[in-house]
Amino acid sequence: MSMIRRWHPAICRPYTAAVRVALLAMPLLACGARTTAQTNANRARTDAQVARTSWGRVIGRVYDAHTGRPIAGATVSVRNNGAFAAKGRTVGITDARGQYTVQAPLGRVSENFDLGRALNSGLAGLLLGGGTNRTKRIDVIRLDVQIGAEGCHPYSGPVSCRSADATRFEVTMEPVLLVVTASDEVSAPADGWGAVRIESAQITPEVALPRDKVVITSRIRMPSMDPGRDAQVMCVSATWGKKRMTPDKDRTGDIVTYRAALTAPTPKTSVADRMSIVIERSTLDMANGLSEVSIPFEIATSAPSAERCRIRLAARKLDSSEDTNAAYEQWQVLCRGPEADIEDLRGLANAAARIHRHDVAVDALRRVVALTGDRDRAAAMADHAQALMRSGSHADVIASYGPLLKSNEDTSTRTDNPRLLAALGLSYVATGALSEAREVLDRLLKVPGPLPDDAIELRDSLVLAEARHAVAKSPNDVPSLRRLGRALMDRGRYEEAVEPLKRAVTADPENQAARADLGAALGALSAAGKPAAADPAKAIEDAEAAVWLERGSKPVKSKDFGAWHRLARLLVAEAVRRGSEGRLDTALAARALEALEEAVRTGRAGARINEGIYGGPFGFLSARTVAVSGFAYPEAAWDYVAMESIRALQSDATDRFALVNLATAMVEMGAGRGAEPLLRHLSTANADNTEIDYLRAAALSDAGDRAGTESLLRSVLQRNPRHPRARVALARLLMERGDIASAAGMMAEHVALYGRGLSLGNRRDRQ
């Protein structure tokens, strides 16, 4: 619907005349500039959709790796056009908070004249840009940076963007930690790390009675900060809402204590709630997983009811500590008698499901359905149906809830619950009743609002089951074989997809679509290092067939990001394989660059649109702004990194920064094994670079070399004990080997640095 108001002609006439004059004048005013820029614009038109041509602001901070305090006076330079400048807008000095602000090309800002907006703007609006469409697009996800400070090891390499704001056209970088020159460790970025973090939090008393005074206390590390001015800390709960916490006047070193005093309400029934302590604002970087914590509390209605609250609180704490067996015992104590309420029964069901006591979970949720009122019964029934499904009782789901689908009664609140319908549909699929499952899915898709993950699972499961059924009826039917292959690929089951797709190609060798599907499956296996990978040349040929569609008499480029991404990934890996001594095969690199550009174009993220200010009779008083930050797919962001790296290598085949970025992109794109030749070359030339060793570990892991992977990860952690990913990767490796205690120790060390990234407690407590 148009936002433009129709005004009376007598009012609009002066402004309409002004608009016409302005419209006639604007082409004349712009003619000279357009003539001057026309040649350059034509030359750059091809790259404008994918090149970083507009400068924006880059903000980041530098810290002492050992103390966590900001470093003032560090020199920061962002690489541009293949070089680090000694001065200029790409260079900055950190302030007292360790913050630097520099500029770099981030993406593209473009404008065009909008005749429709201009006709609805007055002269003032035109002068203020009301007739303009402005697009701001940020492409960058990492920048190459050099950082040096007196008495510290310098850092030179990539730094990732923590956030991007296309509207303001600026990016905030991840923090960089510098180590003193006397240390054997290395300076490096620390993605997700923060100087500001919550050290502890508590609520007193944990079980309160009506009108009790309740005190929330939190100890927060915030070095070199004025806690009253430089940070804002809130405590948030359903019981009290959102309250601001105040800092104590005295502090202990870098630790500041925040408090809030509240009064317990007088509830009609006992309250089981959580208090979240949240650092909402800070002038220093906040640790991603340590800027918010959540602690449970209870409010009893009276002294006699407080004992049940204490048992419930103990069960919730055991849930949070993942001592599930002990939590299960506590929930059972609460739920043995008729006084068990809905939340207690849900707590029992959750704990029982985690220890695979599905019979107990089913019974607890059956009791929940009986206790729940009409308004919330649909959700309770959905939980019960899902518990039955997890227990393998698909027939019971159909018997209990199947009749509701065909009921003539007014049961819309029950039968149209998406989660209940999804559970019912999945049960039909499991029992082979595909027509009933299709009926449920059709009904589910008509339900307004977002659909749950189970609905996606139902759709995919049904498509796969129907495809298997069709192939069973017609084993050599090419469309049916393709549907089965694509259904398996959609679920990530590429090895299984190869067999029906090979049969389809055998049955119809000239079917380009079948060959493209087979190429996509084999390409995915090749990237993952699976033995079923095809010959690289054949895989590339099939992937290229998938990106061109037959439309009439001439082929048309596909707009399928996945197809272009697969082709680009194969071409990049082959360019590295056929190269030597860290250099890419020139011809294959050029083909890879074209595929990467198409992948970037088709992988853009959605836009945020600001229609601008509309001033009534004055029309539009500001430009319409379209802001695009990043990409719709994580793979597209790494396609962009690979694209820029190959462009840089076309100018300088030995560009170390471009080689590191390309190797990183390949690992992140799932082509780690293909990056191994590049990484070996980089490791020889850059023996002290821990990030290269981490990437080599990832490549060796893809190849199944666990001993080599573990050795490299331990070497990385010895030289960079704050590496944001190496410790987690090593913990996973140790767990797979069966060394649970060592894996747990590794994860505890990681949590101390970076936090869990999740609120504490089980699902019930977070709701």
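These numbers were taken from a predicted model, which means no experiment stands behind them. (Residues numbered from 1 in each chain as written. Predicted model: local features only at pLDDT ≥ 70, side-chain atom pairs only at ≥ 80, totals over all residues. Heavy atoms only, no water.)

> Break down the overall build of the protein chain for me, citing the residues and quoting the values.
For the protein chain, the helix and strand inventory stands at 28 helices and 23 strands. Within the protein chain, the fraction of its 767 residues that count as buried is 49%. Nonlocal contacts in the protein chain, meaning residues at least 24 apart in sequence, comprise 63% of its contacts between residues at least 6 apart. Summed over its atoms, the accessible surface of the protein chain is roughly 37100 Å², and 51% of this surface lies on carbon and sulfur atoms. (Helix = DSSP H or I, 4+ residues; strand = E, 2+ residues; numbered from the N terminus. Buried < 20%, exposed > 50% of the residue type's maximum accessible area, 1.4 Å probe, protein only. Contact = heavy atoms within 4.5 Å. Areas by Shrake-Rupley, 256 points an atom, 1.4 Å probe, with all protein chains shown as cover.)

> Any details on the pairing of strand β17 (residues 255-263)? Residues and values, ideally.
Across nine bridges, the pairing between strand β13 (residues 213-221) and β17 is antiparallel. Residue pairing in the sheet places Ile216 in a bridge with Ala260 of β17. Inspection of the sheet shows strand β16 (residues 246-247) paired to β17 by two bridges, in the antiparallel sense. By the bridge assignment for β17, Pro247 is matched with Tyr258. (Pairing = 2+ DSSP bridges.)

> Describe the sheet that holds strand β12 (residues 207-208), with residues and values.
Taking strand neighbours across the sheet as the criterion, the five strands line up as β12-β19-β18-β14-β15 in an open arrangement whose pairing is mixed. Of all strands in the sheet, those with a lone pairing partner are β12 and β15 (241-244), marking the two edges. Direction of pairing for β12 relative to strand β19 (residues 292-299): parallel, over a ladder of two bridges. Across the sheet, Ala208 pairs through a bridge with Ile299, a residue of β19. Taken strand by strand, helix α5 (residues 306-320) contacts β12, β18 (271-282) and β19, and its axis lies near 155° from that of β19. (Axes fitted to C-alpha atoms, helices over the stretch in contact; angles between N-to-C directions.)

> I'd like to hear about the side chain of His384, residue by residue, with values.
Looking at the element boundaries, His384 is found in helix α9 (residues 377-390). Sequence-distant contacts of His384, defined by excluding residues within four places in its chain, comprise Val362, Leu365, Arg366, Val369 and Tyr401.

> Please give an account of the packing of α5 against helix α6 (residues 324-335) that cites residues and values.
For the pair α5 and α6, interaxial distance at closest approach is 8 Å and the crossing angle is 155°. Classed by the angle they form, the pair α5 and α6 counts as roughly antiparallel. When you trace α5 past α6, the crossing you get is left-handed. Where α5 abuts α6, its residues Arg308, Ile311, Arg312, Ala314, Ala315, Arg316, Leu318 and Asp319 lie against Ala326, Ala327, Gln330, Trp331, Val333 and Leu334. Its residues assigned to classes, the contact of α5 with α6 comprises nine nonpolar, one polar and four charged. (Parallel < 35°, antiparallel > 145°, perpendicular 65-115°, else oblique. Left-handed = near helix turned anticlockwise from the far one by under 90°. Nonpolar A, V, L, I, M, F, W, Y, C, P; charged D, E, K, R; others polar.)

> Tell me what's going on with the environment of Val463, and back it up with residues and numbers.
Along the chain, Val463 falls in helix α14 (residues 453-473). On a C-alpha basis, the gap between Val463 and Arg486 in space is 9.8 Å, while along the polypeptide they are 23 residues apart.

> Provide a residue-level description of the pattern of salt bridges, including the pertinent values.
Under the counting rule described, the total for this entry stands at 55 salt bridges. For Arg168, the salt bridge is made with Glu170, and the minimal N-O distance between the two is 3.9 Å. Notably, a salt bridge pairs Asp230 with Arg229, separated by 3.2 Å at the nearest N-O pair. The buried category is assigned to Asp230, whose relative accessible area is 3%. Accessibility expressed as a relative area gives 53% for Arg229, which makes it exposed. (Salt bridge = Lys/Arg side-chain N within 4 Å of Asp/Glu carboxyl O.)

> Please give an account of the packing of helix α10 (residues 394-405) against helix α12 (residues 418-430) that cites residues and values.
The contact between α10 and α12 brings their axes to 9 Å, and the two run at 125°. Taken together, α10 and α12 sit at an angle that is classed as oblique. Taken as a pair, α10 and α12 cross one another with a handedness that is left-handed. For the pair formed by α10 and α12, the contact residues are His394, Val397, Ile398, Tyr401, Gly402 and Leu405 on the first element and Leu420, Leu421, Ala423, Leu424, Ser427, Tyr428 and Ala430 on the second. Residue composition of the contact of α10 with α12, grouped by class: 10 nonpolar, three polar and no charged.

> Outline unusual backbone geometry, listing residues and values.
Residue Thr204 is joined to Pro205 through a cis peptide bond whose omega torsion reads -5°. For Pro205, the position within the fold is in the loop between β11 (197-204) and β12. The backbone of Glu581 shows a phi angle near 55°, a positive value even though the residue is not glycine. Mapped onto the fold, Glu581 is located in the loop between α19 (561-578) and α20 (586-602).

> So what about the packing of aromatic side chains? Which residues, and what values?
All chains considered together, the criterion is met by five aromatic pairs. Ring geometry for Phe561 and Tyr633: centres 4.5 Å apart, planes at 5°, overall stacked. Of this pair, Phe561 sits in helix α19 while Tyr633 sits in the loop between β23 (624-629) and α21 (634-651), placing them 72 residues apart in sequence. Taking NZ or CZ as reference, Arg89 lies 3.5 Å from the ring centre of Trp55, over its face. Above the ring of Phe657, the side-chain terminus of Arg656 is found at 4.3 Å from the ring centroid. (Phe/Tyr/Trp six-rings, centres within 6.5 Å; stacked < 30°, edge-to-face > 60°. Lys NZ or Arg CZ within 6 Å of the ring centre and 35° of its normal.)

> Before we move on, can you summarise the pairing of β15 with the specific residues and values?
Pairing geometry for strand β14 (residues 231-237) and β15, over four bridges, is antiparallel. Looking at the pairing, Val236 lines up with Lys242 of β15. Connecting β14 to the antiparallel partner β15 that follows it, the hairpin turn spans three residues.

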